[in-house]
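Breakdown of the fold
In case you want the letters, here they are:
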Amino acid sequence: MSLTDRFLHPIRSHPYLLIFVYFLVFCGCLSYPTIHFTSNTDSSFVAPTDSLSGTAQDVYSSIYGDSGKSIIVTVSVPEGDDVTTSSDAADFTSNLISWSTNATQSCPTISESTSYFTLAAQGLTELGLNYVSSSKSTTFTYITYTCPITNTYVPSLRSYVTSTCPPTLTCGSTGIELFQIDILDGVESDLSRMDTTILPLALLTLALVLGSLPIMLIPILNILITVTLSFGLMYPVTLSMQVVSFTPSVMMSLIIAMSIDYSLFLLSRVQDEISMGRTTQESVRNMVEHAGHTIVASGSTLCVCFCGMLFFPMDMLRSVGVGATVSILVALGVNLTLTPAILYTGLGERLLRPGRGCAKVCCAEEGTTRGVGTMVKREIEKEKNEGDERLLSGFEPQSSIDRYNRIDSELMYKSFWYRMARVLLQPKYGVPILLACVGLMMPVCVHFVDLKTSIGFDLLLPSASESIETFDDIGELFGEGTLSPYKILFDGPGPVTTAEAFDVMHEVVHELNKLPATSELTSFAGIAYLGGFQVNHTEYEAALLCGIECGKNFPDPGPQEEAAFQVARSLTALSESVNSPSGNATFTTVILNVDPFSNDGTQWLVDARSAIDGLKSSGALKDIEVYLCDGAGIEYDAVAQVYEVFPTLITATLVTVFVLMGVFFRSVIVPIRSVVSIALTLMFVFGLTVLVYQDGAFEFMDLACFSKTGYISWLPPVMTFSIVVGLGLDYDVFLISRVLEFRLDGYDSDSSVLAGIWKTGSVITCAGIIMGLAFAGLLMSEELLLNQTAFILVVSVLVDTFVVRTVLVPILLGVTEKYSWWPRALPAETVNLKNGENGAQMLGADDLDLGAQKETERI
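As a starting point, this report considers the structure included with it.

Let's talk about the overall build of the chain
- Within the chain, the secondary structure is distributed over 31 helices and 12 strands.
- Taken across its 859 residues, the chain has 57% of its residues classed as buried.
- Pairs at least 24 apart in sequence give 80% of the contacts found in the chain among residues at least 6 apart.
- A total of about 34900 Å² of accessible surface is found on the chain, and carbon and sulfur atoms cover 58% of it.

Here's the deal with the side chain of Asp595
- Position of Asp595 among the secondary structure elements: in the loop between strand 10 (585-590) and helix 25 (599-618).
- It turns out Asp595 is buried and unbridged, and the closest side chain with the opposite charge, Arg609, is 15 Å from it.
- Residues contacting Asp595, with those up to four places away along its chain left out, are Phe471, Glu480 and Gly601.

Overview of the sheet that holds strand 10
- One open sheet holds the 4 strands; their spatial order is 7-10-6-11, and the pairing between them is antiparallel. Single-partner strands in this sheet number two, and they are strand 7 (524-525) and strand 11 (625-630).
- Where strand 7 and strand 10 come together, 2 bridges link them in antiparallel fashion. What sits directly across from Ala525, in strand 10, is Thr589.
- Packing against the sheet, helix 22 (residues 499-512) makes contact with strand 6 (486-491), strand 7, strand 10 and strand 11, and its axis sits at approximately 150° to strand 6.

Observations regarding the environment of Lys487
- Its location among the elements puts Lys487 in strand 6.
- Given a relative accessible area of 16%, Lys487 falls into the buried group.
- For the pair Lys487 and Thr586, spaced 99 residues apart in sequence, the C-alpha separation works out to 9.5 Å.
- Ignoring anything within four residues of it in the chain, the contact list for Lys487 reads Tyr60, Phe587, Thr588, Tyr627, Leu628, Cys629 and Asp630.
- One polar contact links Lys487 to Asp630, side chain to side chain, over a distance of 2.7 Å.

Focus on the pattern of salt bridges
- Counting across every chain of the model gives 16 salt bridges.
- Arg318 is the partner of Asp315 in a salt bridge, and the nearest nitrogen-oxygen pair spans 2.7 Å. Here the residue Asp315 and the residue Arg318 both occupy positions in helix 13 (residues 315-343), the gap between them amounting to 3 residues, near one helical turn.
- For Arg318, a relative accessible area of 26% translates into the label partly exposed.
- Each member of the salt-bridge network shares a partner with another, and the members are Arg269, Glu273, Arg278, Arg738 and Glu741.

A look at the nonpolar core
- Counting 257 residues, the largest nonpolar core has Trp604 and Trp714 as its most contacted members.
- At 17 residues, helix 28 (residues 715-744) tops the list of elements feeding residues into this core.
- Non-local contacts of Trp714, meaning those with residues more than four positions away in its chain, are made with Phe45, Met314, Met316, Leu317, Thr453, Ser454, Ile455, Val639 and Tyr643.

Quick look at the pairing of strand 10
- Burial runs high along strand 10: 6 of the 6 residues are buried.
- Residues Ala585, Phe587 and Thr589 of strand 10 are buried on one face, and the alternating residues Thr586, Thr588 and Val590, pointing to the opposite face, are buried as well.
- Taken together, the 6 bridges between strand 6 and strand 10 define a ladder with antiparallel strand orientation. Residue pairing for strand 10: Phe490 is matched across the bridge by Thr586.

Here's the deal with the sheet that holds strand 1 (residues 69-76)
- The strand order across the open sheet built from 4 strands is 2-3-1-4, with neighbouring strands paired in antiparallel fashion. Only two strands of the sheet have a single partner each, and these edge strands are strand 2 (112-114) and strand 4 (170-174). Shown here is a sheet whose adjacent strand axes are inclined to one another by a mean of 20°, direction ignored.
- As defined by bridge partners, strand 1 adjoins strand 3 (residues 138-145) across 8 bridges and the pair is classed as antiparallel. Note that in strand 3 the partner of Val75 across the bridge is Thr139.
- The strands that helix 21 (residues 466-478) touches are strand 1, strand 3 and strand 4; relative to strand 4, the one it contacts most, it runs at about 105°.

Concerning the packing of aromatic side chains
- One pass over the full model with this rule turns up 29 aromatic pairs.
- For the pair Phe502 and Tyr540, a centre-to-centre distance of 5.2 Å together with 40° between the ring planes defines the contact as tilted. Separated by 38 residues along the polypeptide, Phe502 in helix 22 and Tyr540 in helix 23 (residues 537-546) bring together distant segments of the chain.
- Assessed through its relative accessible area of 1%, Phe502 is described here as buried.
- Residue classification places Tyr540 among the buried residues on the basis of a relative accessible area of 1%.
- Ring geometry for Tyr643 and Phe646: centres 5.8 Å apart, planes at 85°, overall edge-to-face. Taken together, the positions of Tyr643 and Phe646, both in helix 26 (residues 633-665) and 3 residues apart, correspond to about one turn of that helix.
- Exposure remark for Tyr643: the relative accessible area of 24% places this residue in the partly exposed category.

A closer look at the state of the cysteines
- The tally for this structure, following the rule as stated, stands at 1 disulfide.
- One disulfide bridge connects Cys165 with Cys171, the sulfur atoms lying 2.0 Å from each other. Here the S-S torsion is close to 75°, and the disulfide linking Cys165 with Cys171 is therefore right-handed.
- Among the cysteines around Cys307, which has no disulfide bond, Cys303 carries the closest sulfur, lying 6.3 Å off.

Concerning helix 19 (residues 416-424)
- Inspection of helix 19 places Trp417, Tyr418, Met420, Ala421 and Leu424 among the buried residues, and these make up the whole buried set. Looking straight down helix 19, one finds its buried side chains confined to an arc of 165°; they lie on one side.

Digging into unusual backbone geometry
- Residue Trp822 is joined to Pro823 through a cis peptide bond whose omega torsion reads 5°.
- Here Pro823 lies in the loop between helix 30 (784-816) and helix 31 (853-857).
- The phi dihedral of Lys136 is positive, around 60°, even though this residue is not glycine.
- Along the chain, Lys136 falls in the loop between helix 7 (125-128) and strand 3.
- Residue Lys136 is classed as partly exposed on the basis of its relative accessible area, which comes to 35%.
- Even without being glycine, Arg666 reaches a positive phi, approximately 55°.
- Tracing the chain through its elements places Arg666 in the loop between helix 26 and helix 27 (669-694).

About the thresholds
Residues numbered from 1 in each chain as written. Predicted model: local features only at pLDDT ≥ 70, side-chain atom pairs only at ≥ 80, totals over all residues. Heavy atoms only, no water. Helix = DSSP H or I, 4+ residues; strand = E, 2+ residues; numbered from the N terminus. Buried < 20%, exposed > 50% of the residue type's maximum accessible area, 1.4 Å probe, protein only. Contact = heavy atoms within 4.5 Å. Areas by Shrake-Rupley, 256 points an atom, 1.4 Å probe, with all protein chains shown as cover. Lys, Arg positive; Asp, Glu negative; His and termini not counted. Salt bridge = Lys/Arg side-chain N within 4 Å of Asp/Glu carboxyl O. Pairing = 2+ DSSP bridges. Axes fitted to C-alpha atoms, helices over the stretch in contact; angles between N-to-C directions. Polar contact = N/O pair within 3.5 Å; in protein donor to acceptor, adjacent residues only side chain to side chain. Core = buried A, V, L, I, M, F, W, Y, C linked by side-chain atoms within 4.5 Å. Phe/Tyr/Trp six-rings, centres within 6.5 Å; stacked < 30°, edge-to-face > 60°. Disulfide = S-S within 2.5 Å. Arc of directions from axis to C-beta.

Here it is, written out as structure tokens:
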């Protein structure tokens, strides 16, 4: 018993049992894990181990404990009014702080809130003005919290702000946790859009190719089971590792694309077998043996590519690799088991051979499908009607297989695919076309070296989200670094309030003040700098002596005295919040005048670290250790580590592809051609991405998904690389395996290519269109990150489908001819299709030596 027969035996023996098991799995996953998978995803960054930001965070936490997370709530009055004198603003802020305190009673620590009004109430008006815009029309409240489960507190806070904001005010809220909520909302919107728009379009395309609506029940069931099971399997993964929020969107696109592609290859093959007159059991067996083998090879290669993402030093990317691998494996398993199980039932018989009533309703031909099968059926019916006359004339009816082969040959010689391949296989036409294609692609390819990445949040968030709108407002009114300030941590062996320690703080700030993003001293706030002025040690000591009540009992202070009292009170308040309990550490807050996550912001981080290292090398820091905490440090270090590994991953993936293709086809030439064509696709796709998103090549279309951003989000290149390589191999395997199948049946080099392209041309083209539709759904997302990801994937699919597979691969096969499979041993060339262009059939003709008839008939 062959491997195929052993695989199919339990499915053929108990098809209804298998279907029932899938039904139970579907219900079990849908009951809890599947519907909770998306809500358990997370987009936060974790500090990489052994990184500068990770070390700084560990030191800070050991001194100050968990600094918690933060949310900013803004309050604005109409233009021209003063928010500091608005009773509505004061009352709203007071009620907000009270609500937040009560809402965090069960958290490890109660939330802490700072605003202009709370500071003014303590006599710290000047310090409070840091929370008021220069026009005095807007103020904000800075809330820090340590709740372990933020999906309750944060949405409730947003709801409270929205529902209680007085009509005379404009209120907003923003923060990293709110960003994540908006990202999740965007993911749910994307999934809904795919379910209602992209999936029906993809299924309609599949129905048109298969020529039957009844049989569409199979891919629909496959997709439902695959989505439910894949999402259900990913739920426990979210409990053990971070799964990034857009993983469900990527998984959904892959599931739609691959499930429909696999269904297309399996069902089109079984339809061919049925059209030849074979029984359902024979047809299903041949379907699994040939089409099943091909999709297993393709799916395995895809999984290997996706598993490469597991080597990235970040759970965020690993989770995409895990999700993609799970999606492919489940899609393979479901298609290879559920599809045969359904076909073995009575329902499957009716789906493959719809009755007259069903055929009329569902656009199918009674008893068969469109294409060659339809022509075979009509010819048989015609012969039956003319039966007696034709028998008397000596006519001998053909078998279904011979009849199928004859009609298939006639259609092949007239087809676009055959005629196109004939031209491409001739060196005098093929080589110039190859050079022309490469020549047209190279001007785009060369731009891939100009690719610039960014860790900016504006690319990750839905463009119309409340959190990003409030974030933009804060950046415009208070400075873009307000939401994510840096902390310069000074950790000494003894007290850091000495004159020597102050000299160190002054030296560090003096160096950082030279950088463009912190060119104003107002960017720094701590015990050594306040309100844009440097504080020396003597002034600090005097302020502490005066204390928090400084000047409150002074009768009628003048402006200068009041200003001095304000400074003293502010320094005292600051010292209580920034100095460690032991007094051996303090920190200075740094607010950049640019977005810390922008390229200018990350450049400041690099320059600041370099400046601090320089001071340390020169001995200017004495015995004090200086660290840069918070800001964009964690994100920058995490992405930097990823891109350090990326070149190694690229090399390892391409080497793996070379080995897999070499082993699968037992050839050296096949993997060389595959790697070269994949490299060309990658360069073209990333070059075009640079032209569109960095240079604005598609700005004239006025579409948000193609809007110029000046840079590419750091995620798409690393996330799509494995997918692009996998998809490129996908179509390569589909075509080359069929060409090799004909070559092993005795076809000469050109004829095997001609027959392979004829058999797979329309199917692979349809698969490419379906794949493009599946990924195009992400172009409608409001997140630029997913727009850029979708653009890369859609372009790569189109290039692979209509350029590489359709034009370049046939030309290269024609150029290498008999060496295409070297060093694999091949049978003698006994079939030349070109000899049959004037009437002989492709398969089954008496005047052609077909070699092994058994091998030929199964084609």
